[in-house]
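Structural characterization, general
The chain contents come next:
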2 protein chains.
Amino acid sequence: MLPPESSFATIDDVLAGMRQRGGRATPARRLLLGVLFRDRQHRSAEDLAGEVQALAPDVNISTIYRNLEEFVRLGVVDRVYFGGGPATYHLSSGRHGHLVCDSCGGVTEVPDEVFVELADALAVRYGFIADRHQFAVAGLCADCR
Amino acid sequence: MLPPESSFATIDDVLAGMRQRGGRATPARRLLLGVLFRDRQHRSAEDLAGEVQALAPDVNISTIYRNLEEFVRLGVVDRVYFGGGPATYHLSSGRHGHLVCDSCGGVTEVPDEVFVELADALAVRYGFIADRHQFAVAGLCADCR
DNA sequence: CTCTATGCAAATCTTTTGCACGAAC
DNA sequence: GTTCGTGCAAAAGATTTGCATAGAG
């Protein structure tokens, strides 16, 4: 019943997946994937662009956006919106939720199990299928309250 | 233990609250409150501006933003961010969560009870105090799946 | 050689801000 | 009369798009 975990374990896996769809393995994609695989934190498109540009200064941010979009479609990357700020992206790893602190902006990842009960209740009572990759709860973290 | 429900039942209640803080009861505020009280749906600042401007065409959208900000601070209005779109605002009514459909964009309000269990679990296990006015879960609604 | 991806610039959309004037108290 | 609120215009931040060209297959 659970949807499968991402089947892309390496950068070349992803690029192979893109080629199957008629896409191409470009240096910009390789670099962006390198940055995404190197560190699984939640980063904005601008952050990611900065890290890619440290390696290849003329990769444009519009290329970053276009490729992130593509990776999200492929299921390689999750996009999560926190509050009003920019979207954040991270490698689609184990299903998890996000606790976003309104005060310090910090993000805590919490395992999926915590949300199972809620997700089931929503399914049963409202016929609503929660997207478990996008769970984000706003509030105050332990440090800030 | 539960924080109190909003103590502003009418437009004049709110304006009185503003005066206590050294603020003023202006026509623009009265109109915006009128629009907010008339219909408790979730609307963007632009939507609200449109409805106010139908009554007073030269109320500027920056005034709408400034007043919404003020109302949020006062606890009169809740601001909720859905996905990447514009923030939505609605009168701070009974505590509730939001189910946002990724497909049709519809918003379903669900009573707070559904989230109590999760909020308690987050508090106990992570020391995280969830903001119950901002609960928003993304997924697919009953109609769209 | 073909067609996709990229760089660059400009456009779009949402929200915020500076400033001078008008209005509430 | 003060001080706060407003309109207007401009700025700011995030993201998207058009177009000509470079480059992957």
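Reading guide: rules and limits
Residues numbered from 1 in each chain as written. Chains lettered and ligands numbered in written order. Predicted model: local features only at pLDDT ≥ 70, side-chain atom pairs only at ≥ 80, totals over all residues. Heavy atoms only, no water. Pairing = 2+ DSSP bridges. Helix = DSSP H or I, 4+ residues; strand = E, 2+ residues; numbered from the N terminus. Domains from an automatic or database assignment. Contact = heavy atoms within 4.5 Å. Buried area = accessible area lost by both parts, 1.4 Å probe. Salt bridge = Lys/Arg side-chain N within 4 Å of Asp/Glu carboxyl O. Polar contact = N/O pair within 3.5 Å; in protein donor to acceptor, adjacent residues only side chain to side chain. Nonpolar A, V, L, I, M, F, W, Y, C, P; charged D, E, K, R; others polar. Near = heavy atom within 4 Å. Buried < 20%, exposed > 50% of the residue type's maximum accessible area, 1.4 Å probe, protein only. Arc of directions from axis to C-beta. Least-squares fit on C-alpha atoms with pLDDT ≥ 70 in both.

1. A closer look at the sheet that holds strand β3 (residues 88-91) of chain A
Residues and elements named next belong to chain A. Taking strand neighbours across the sheet as the criterion, the 3 strands line up as β1-β3-β2 in an open arrangement whose pairing is antiparallel. Looking along the sheet, the strands with just one partner apiece sit at the ends: β1 (43-44) and β2 (77-80). Here β1 runs beside β3; their pairing, made up of 2 bridges, is antiparallel. When the bridges of β3 are listed, Arg43 appears paired with Tyr89.

2. Notes on the domain arrangement of chain A
All names here are of chain A. Parsing chain A into structural domains produces domain 1 (5-91) and domain 2 (96-139). Of note, the centres of domain 1 and domain 2, computed from C-alpha atoms alone, are 23 Å apart. Contact residues are listed per partner, giving 8 residues for domain 1 and 8 residues for domain 2. When the buried surface of domain 1 facing domain 2 is broken down by residue, His42, Asp78 and Phe82 rank first, second and third, together holding 58% of it. Linking domain 1 with domain 2 are 0 salt bridges, by the criterion used here. Taken together, the links from domain 1 to domain 2 amount to 2 residue pairs in polar contact (both at pLDDT 80 or more). Ranked by the residues each element gives to the side of domain 1 that touches domain 2, the list is headed by β2, at 3 residues. Residues of the side of domain 1 that touches domain 2, tallied by class, amount to 3 nonpolar, 2 polar and 3 charged.

3. Section: the protein's contact with DNA strand D
The full set close to DNA strand D counts 23 residues, and Arg24 and Tyr65 of chain A together with Arg24, Thr26 and Thr63 of chain B are the nearest of them. Considering the 4 Å shell around the protein, atoms of DNA strand D inside it are sugar or phosphate in 66% of instances. With respect to DNA strand D, the side chain of Arg66 of chain A contributes an N or O atom lying 3.4 Å from a base oxygen. In this structure, Ala87 of chain A approaches DNA strand D through a main-chain N or O atom, which is 3.0 Å from a phosphate oxygen. Among the elements of the structure, α4 (61-74) of chain A together with α2 (27-38) and α4 (61-74) of chain B are those that each provide at least two residues to the surface near DNA strand D.

4. Quick look at the interface of chain B and chain A
Contact residues are listed per partner, giving 32 residues for chain B and 32 residues for chain A. On the chain B side of the interface with chain A, the three residues burying the most area are Val114, Tyr126 and Phe128 of chain B, jointly 22% of the side's total. Applying the counting rule to chain B against chain A returns 0 salt bridges. Secondary-structure elements contributing two or more residues to the side of chain B that touches chain A are β4 (96-101), β5 (107-111), α5 (113-126), β6 (129-130) and β7 (136-140) of chain B. For the side of chain B that touches chain A, the element with the highest residue contribution is α5 of chain B, accounting for 8 residues. Taken together, the residues that form the side of chain B that touches chain A break down as 22 nonpolar, 5 polar and 5 charged. Bridge analysis of strand β6 (residues 129-130) of chain A against β7 of chain B gives 2 bridges, and the strand direction is antiparallel. From the neighbouring strand, Ala130 of chain A faces β7 of chain B, where its bridge partner is Gly139 of chain B.

5. Side note on helix α3 (residues 45-55) of chain B
All names here are of chain B. Buried within α3 are the following residues: Ala45, Leu48, Ala49 and Val52. In a view along the axis of α3, the buried residues occupy a sector of 100 degrees, so they form one face of it. More than 90 degrees from the buried face of α3, the exposed residues found are Glu46 and Ala54. Of the surrounding elements, those touching the buried residues of α3 are α2, β1 (43-44), α4 and β3 (88-91).

6. Remarks on the pattern of salt bridges
All names here are of chain B. The full count for this structure, using the stated rule, is 10 salt bridges over all chains. Its salt-bridge partner being Asp12, residue Arg30 comes within 3.1 Å of it at the nearest N-O pair. Residue Arg30 is found in helix α2, and its partner Asp12 is found in helix α1 (residues 11-20); the two are separated by 18 residues along the sequence. For Asp12, a relative accessible area of 47% translates into the label partly exposed.

7. Side note on the relation of the copies chain B and chain A
Mapping chain B onto chain A leaves a residual RMSD of 0.1 Å; the transformation is a rotation of 180 degrees accompanied by 0.0 Å of translation along its axis. Seen this way, the second copy is the image of the first under a two-fold rotation axis. For chain B, the smallest separation between a C-alpha atom and the rotation axis is recorded for Leu118 of chain B, amounting to 3.4 Å. Take the interface residues of chain B: 100% of them recur as interface residues in chain A, which is what a same-surface contact looks like.

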